[in-house]
Amino acid sequence: MITLHGFASSNYYNIVKYVLLYKSIPFQERLIYSGGEDWLAISPVGKIPALTTEDGQHFSETTVICDYLEETYPDAPLYPADPAAKAGIRQIMKVAELYLELPSRRLIAYAFSGKPAPQKALDDARHVTNRGLTAMKRLCAFSPYIAGADMTLADVYVHYVNSVVNSIGSRQLDWDILAEVPGMREWNRGMRESQIARTIEADRKADEPDFHAYIRDFLAKNAVPGR
Ligand SMILES: N[C@@H](CCC(=O)N[C@@H](CS)C(=O)NCC(=O)O)C(=O)O
C-alpha cells in the first residue's frame, strides 16, 4: 500500500492527501515531523511530504508526487487531457508556489518565534507577492473552479497555498492578500466545503497540539534571527 509521510499541519502534505482521497487510492499515513539519515533516504531534502509507492520507491516534492499519482491512477483526473490546457493548470500552480506560497513561507520563522521580521524580509515578501497577485488576477477564472468549468489540481494546490498566505503572509505583512484577487475568497470558501477538505481540516486540528510542541522544541534548539 502507498505510504504518505509527514504531518497533518503541513499544507503541502494536505495537497497530496487530498489527491489520494479524491482518487480513492488506498494509502496509509506515517507521522513524521523531521528526521535524520533514514528520513533523507525517503525524502532527500528532508522535506514533508514524501511518498512510498506500492513497490517501495520513495520520492518527495509535492507536485512531483501529485503528477505521479495522476499518471499512475488516471481515474478521477485532475488534469485536462489537452497538453496546452494542462500547461495552463500547471502554470497557475507554479505561480502560486513561487510567488504566493514561498514569500509567505519565508516569514514562517518570525510567525512561530514571535520575533519581528527584518524590514528587508517584509519588503521582499511584499514585492514577490505583488508579482504573484498580478499574475493570478490574469490566470484565475473562478467559473466556478480556478481554471474554469472543471475541478483540477490547481484548485487543490492553490487552496492549500492560500492557507499559508492567510495564516502567515497576511498577518506578517498586515495585508489581506487574497482579497486582492477578485473571486479568490469566495472560491476558497467553496473549496473548504468539500467532504475531503473537511476531513483534512479535522485531521489538521487533531495534529495541532503535537505540531506546536514540535515547533516549541525546534525553536528552543534553533535561534531565529529577528529585528
Ligand atoms: N518544495 C517542497 C516544499 C515542502 C515543504 O516546505 N514542507 C515543509 C512542511 S509544510 C517542510 O518540510 N519544512 C521543514 C524544512 O523545511 O526543513 C514541496 O513542494 O513539497
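Everything numeric here is computed off the predicted structure, so don't read it as measured data.

### With respect to the pattern of salt bridges
If charged atoms from side chains of opposite charge come close, those side chains can pair.
Line of reasoning, step 1. Enumeration according to the criterion identifies twelve salt bridges in this entry.
Line of reasoning, step 2. The salt bridge involving Glu-29 is made with Lys-17; its shortest N-O contact spans 3.0 Å. Remark: Lys-17 occurs in helix H1 (residues 11–22) and Glu-29 occurs in strand S2 (residues 27–31); sequence separation between them is twelve residues.
Line of reasoning, step 3. Among the residues examined, Lys-17 registers a relative accessible area of 1% and is labelled buried.
Line of reasoning, step 4. In this structure, Lys-94 and Glu-97 form a salt bridge, with 3.8 Å as the shortest nitrogen-oxygen distance.

### Quick word on the site of the ligand
Line of reasoning, step 1. As a structural note, the neighbourhood of the ligand is formed by Ser-10, Asn-11, Tyr-12, Lys-47, Ile-48, Pro-49, Glu-61, Thr-62 and Arg-105.
Line of reasoning, step 2. In the model, a nitrogen atom of the ligand is placed 2.6 Å from a nitrogen or oxygen of the Glu-61 side chain.
Line of reasoning, step 3. Counted by class, the shell around the ligand contains three nonpolar, three polar and three charged residues.

### Observations concerning helix H8 (residues 184–193)
Line of reasoning, step 1. For H8, every residue scored as buried is listed here: Met-184, Trp-187, Asn-188 and Met-191. End-on, the buried residues of H8 take up no more than an arc of 100 degrees, which puts them together on one face.
Line of reasoning, step 2. In the core, the buried residues of H8 are packed alongside H1, helix H6 (119–139), helix H7 (153–173) and helix H9 (195–221).

### Section: the UniProt feature "domain: GST C-terminal" (unreviewed entry) in the chain
Line of reasoning, step 1. The UniProt feature table records "domain: GST C-terminal" (unreviewed entry) at residues 82–211.
Line of reasoning, step 2. Helix makes up 75% of residues 82–211 and strand makes up 0%, while its end C-alpha atoms are separated by 41 Å.

### Things to note about the domain arrangement of the chain
Line of reasoning, step 1. Here the chain is partitioned into domain 1 (2–77) and domain 2 (83–193).
Line of reasoning, step 2. For the pair domain 1 and domain 2, the two sides together bury roughly 1200 Å², of which 62% comes from carbon and sulfur.
Line of reasoning, step 3. For domain 1, the biggest contributors to the area lost against domain 2 are Asn-11, Tyr-12 and Tyr-18; these three give 45% of the whole.
Line of reasoning, step 4. Inspection of the region where domain 1 meets domain 2 yields one salt bridge.
Line of reasoning, step 5. Breaking the side of domain 1 that touches domain 2 down by element, the ones donating at least two residues are H1 and helix H3 (62–72).
Line of reasoning, step 6. Element by element, the count of residues in the side of domain 1 that touches domain 2 is highest for H1, at seven residues.
Line of reasoning, step 7. Among the residues forming the side of domain 1 that touches domain 2, the class breakdown is seven nonpolar, four polar and one charged.

### Quick notes on the nonpolar core
Line of reasoning, step 1. Counting residues in each nonpolar core, the largest one holds 67 residues, and the members touching the most others are Tyr-18 and Met-136.
Line of reasoning, step 2. With eleven residues, the top contributor of residues to this core is H7.
Line of reasoning, step 3. A domain split of this core shows at least three residues from each of domain 1 (2–77) and domain 2 (83–193).

### Section: the packing of aromatic side chains
Line of reasoning, step 1. As enumerated under the stated definition, the model contains ten aromatic pairs in all.
Line of reasoning, step 2. Seen from their ring centres, Phe-59 and Tyr-68 are 4.9 Å apart, and the 70 degrees between their planes marks the pair as edge-to-face.
Line of reasoning, step 3. Aromatic pair Tyr-214 and Phe-218: ring centres 6.4 Å apart, planes at 40 degrees, arrangement tilted. Taken together, the residues Tyr-214 and Phe-218, both in helix H9 and four residues apart, mark about one turn of the helix.
Line of reasoning, step 4. When its relative accessible area of 39% is taken as the criterion, Phe-218 is described as partly exposed.

Definitions and cut-offs
- Residues numbered from 1 in each chain as written.
- Predicted model: local features only at pLDDT ≥ 70, side-chain atom pairs only at ≥ 80, totals over all residues.
- Heavy atoms only, no water.
- Salt bridge = Lys/Arg side-chain N within 4 Å of Asp/Glu carboxyl O.
- Helix = DSSP H or I, 4+ residues; strand = E, 2+ residues; numbered from the N terminus.
- Buried < 20%, exposed > 50% of the residue type's maximum accessible area, 1.4 Å probe, protein only.
- Near = heavy atom within 4 Å.
- Polar contact = N/O pair within 3.5 Å; in protein donor to acceptor, adjacent residues only side chain to side chain.
- Nonpolar A, V, L, I, M, F, W, Y, C, P; charged D, E, K, R; others polar.
- Arc of directions from axis to C-beta.
- Contact = heavy atoms within 4.5 Å.
- UniProt positions renumbered as here; feature names shortened; annotations may be inferred.
- Domains from an automatic or database assignment.
- Buried area = accessible area lost by both parts, 1.4 Å probe.
- Core = buried A, V, L, I, M, F, W, Y, C linked by side-chain atoms within 4.5 Å.
- Phe/Tyr/Trp six-rings, centres within 6.5 Å; stacked < 30°, edge-to-face > 60°.

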